[in-house]
Amino acid sequence: MGTTLSDIIVPELFNPYVIQKTLEKSALVQSGIVQNDAEFDKLASQASPLVNMPFFSDLTGESETVIEGDDLTADKISSKKDVAVILRRAKMWSATDLSAAMSGADPMAAIASLVSDFWVRDLQKELIAVLKGIFGTIPAVSDGSPKEAETRLASNILDMSSASGNGAKWSGSAFIDAQQLLGDNKAELTAVVMHSAVEAALRKQDLIDVIQPSGANPFSTYMGKRVIIDDGCPVTGSGSSQVFSTYLFGNGAIALGNGTPEKFVATETDRDKKKGSDVDYLINRKTYILHPRGVKFTDADVANTEGPTRTELANAKNWTPVYDPKQIRIVEMRHKI
């Protein structure tokens, strides 16, 4: 019998290697949009599908004039609760898909590199689903207790798409207006995720700058914001009527936690001996948090107790802001090009 996946892959070493490579390769992580820390790793390792994160509300009110003999009025500080959801995902590959990598000088490293590339792409898809959810609109309800349509994070959306002529199109002025939605917190916005068609239109206008850091890969910027291209960004309509969604982020707007729950098997191999040529399988599982800070996951419309699907992440019913909107470091632009 020839070399099998079980001869190559040591699960205890393989999974941490995949996680590390995924973090290194992810443009979302390298840009600072997504930040991973040990505290969120711990939270993602909990057994419950939801993680409660209490926080103190900002202090409000006005200072008082000091008058001799008068008592000051004691004000209170209130608390609220942010809630993150733990995502559980898995993928299985056969040796046929990995056969080329198995012939490498370091086959475990080669396979881990392929697997991490997959999770980088998958992470971006999850993020786009989250963005669709937090900026989505809950449809109006006419039966029973009537309710109007509701976009819970509407204050962080600049929708130019219905304007006439050039007013609906991307412009530097509109980009500045989008940042202004956060008021004096706009300086925290550091990166922008856009569709490749939007990036191409800006590049044709010579508006994209390329930065070449010493000893690192080059990256693009627009008006000083790091550019990440993702064709998962929502597009509606067709032709010249296409409307694109572009997202601006601040550092750490998305919290990432890689969990290792008890009895969780992150990596394992299997072998189908009944097949004439034998087939090896590699199974890789992830338990993690990918949470927009300040937007609570409500779990209002989720079918399975184990956690939401990607479609359910994109459902606006499952999200509601708990921070002041200007403290939520994410803005959406809806525009034409």
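Everything that follows concerns the structure shown earlier in this document.
A quick note: this is a predicted structure, and the numbers were derived from the prediction, not measured. (Residues numbered from 1 in each chain as written. Predicted model: local features only at pLDDT ≥ 70, side-chain atom pairs only at ≥ 80, totals over all residues. Heavy atoms only, no water.)

A.B. asks: How should I be thinking about the overall build of the protein chain in this particular structure?
C.D. replies: Check the secondary structure of the protein chain and you find nine helices and 16 strands. Out of the 337 residues belonging to the protein chain, those deemed buried represent 43%. Partitioning the intrachain contacts of the protein chain with sequence separation of at least 6 by distance along the chain shows that 76% fall at a separation of at least 24. Surface accessibility of the protein chain: about 18000 Å² in total, with carbon and sulfur atoms responsible for 49%. (Helix = DSSP H or I, 4+ residues; strand = E, 2+ residues; numbered from the N terminus. Buried < 20%, exposed > 50% of the residue type's maximum accessible area, 1.4 Å probe, protein only. Contact = heavy atoms within 4.5 Å. Areas by Shrake-Rupley, 256 points an atom, 1.4 Å probe, with all protein chains shown as cover.)

A.B. asks: Sorry if this is basic, but what is going on with the nonpolar core here?
C.D. replies: One finds Ile 33, Leu 131, Ile 134, Phe 249, Ile 254, Leu 290 and Ile 330 to be the most contacted residues of the largest nonpolar core, which totals 36 residues. Tallying contributions element by element places helix H6 (residues 107-134) first for this core, with seven residues. The contact partners of Ile 254, leaving out residues within four places of it in the chain, are Ile 33, Val 34, Gln 35, Leu 127, Phe 249, Leu 290, His 291, Pro 292 and Ile 330. Leu 158, Val 192, Val 227 and Leu 248 belong to the second largest nonpolar core, which has 19 residues in total. (Core = buried A, V, L, I, M, F, W, Y, C linked by side-chain atoms within 4.5 Å.)

A.B. asks: Could you clarify how one ought to interpret the pattern of salt bridges in this entry?
C.D. replies: A side chain of one charge can pair with a side chain of the opposite charge when the charged atoms of the two come close. Enumeration over the complete set of coordinates arrives at 10 salt bridges. Across the pair Arg 334 and Glu 332 runs a salt bridge whose closest N-O atoms are separated by 3.0 Å. Residue Arg 334 is classed as partly exposed on the basis of its relative accessible area, which comes to 22%. Classification of Glu 332 by relative accessible area gives buried; the value is 2%. Each member of the salt-bridge network shares a partner with another, and the members are Arg 89, Asp 122, Glu 126 and Arg 310. (Salt bridge = Lys/Arg side-chain N within 4 Å of Asp/Glu carboxyl O.)

A.B. asks: How should I be thinking about H6 in this particular structure?
C.D. replies: For an α-helix, the turn length of 3.6 residues means that residues three or four places apart are oriented alike. End to end, H6 covers 41 Å across 28 residues, agreeing with the expected 40 Å (1.5 Å per residue, within 8%). Counting buried positions along H6 gives 21 out of 28 residues, so the element sits mostly inside the fold. (Expected span 1.5 Å × (residues − 1).)

A.B. asks: Explain the packing of aromatic side chains here, please?
C.D. replies: The relative placement of two aromatic rings is captured by the distance of their centres and the angle of their planes. Considering all chains together, one arrives at seven aromatic pairs under this definition. On the numbers, 5.0 Å between centres and 80 degrees between planes, the contact of Phe 297 with Trp 319 is edge-to-face. One end of the pair, Phe 297, is in strand E14 (residues 295-297); the other, Trp 319, is in strand E15 (residues 319-321), and 22 residues separate them in sequence. Ring pairing ties together the aromatic residues Trp 93, Phe 118 and Trp 119, which thus form one cluster. The ring of Phe 219 has Arg 226 lying over it, and the distance from NZ or CZ to the ring centre is 4.1 Å. Over the aromatic face of Tyr 288 sits the side chain of Lys 286, whose NZ or CZ is 5.6 Å from the ring centroid. (Phe/Tyr/Trp six-rings, centres within 6.5 Å; stacked < 30°, edge-to-face > 60°. Lys NZ or Arg CZ within 6 Å of the ring centre and 35° of its normal.)

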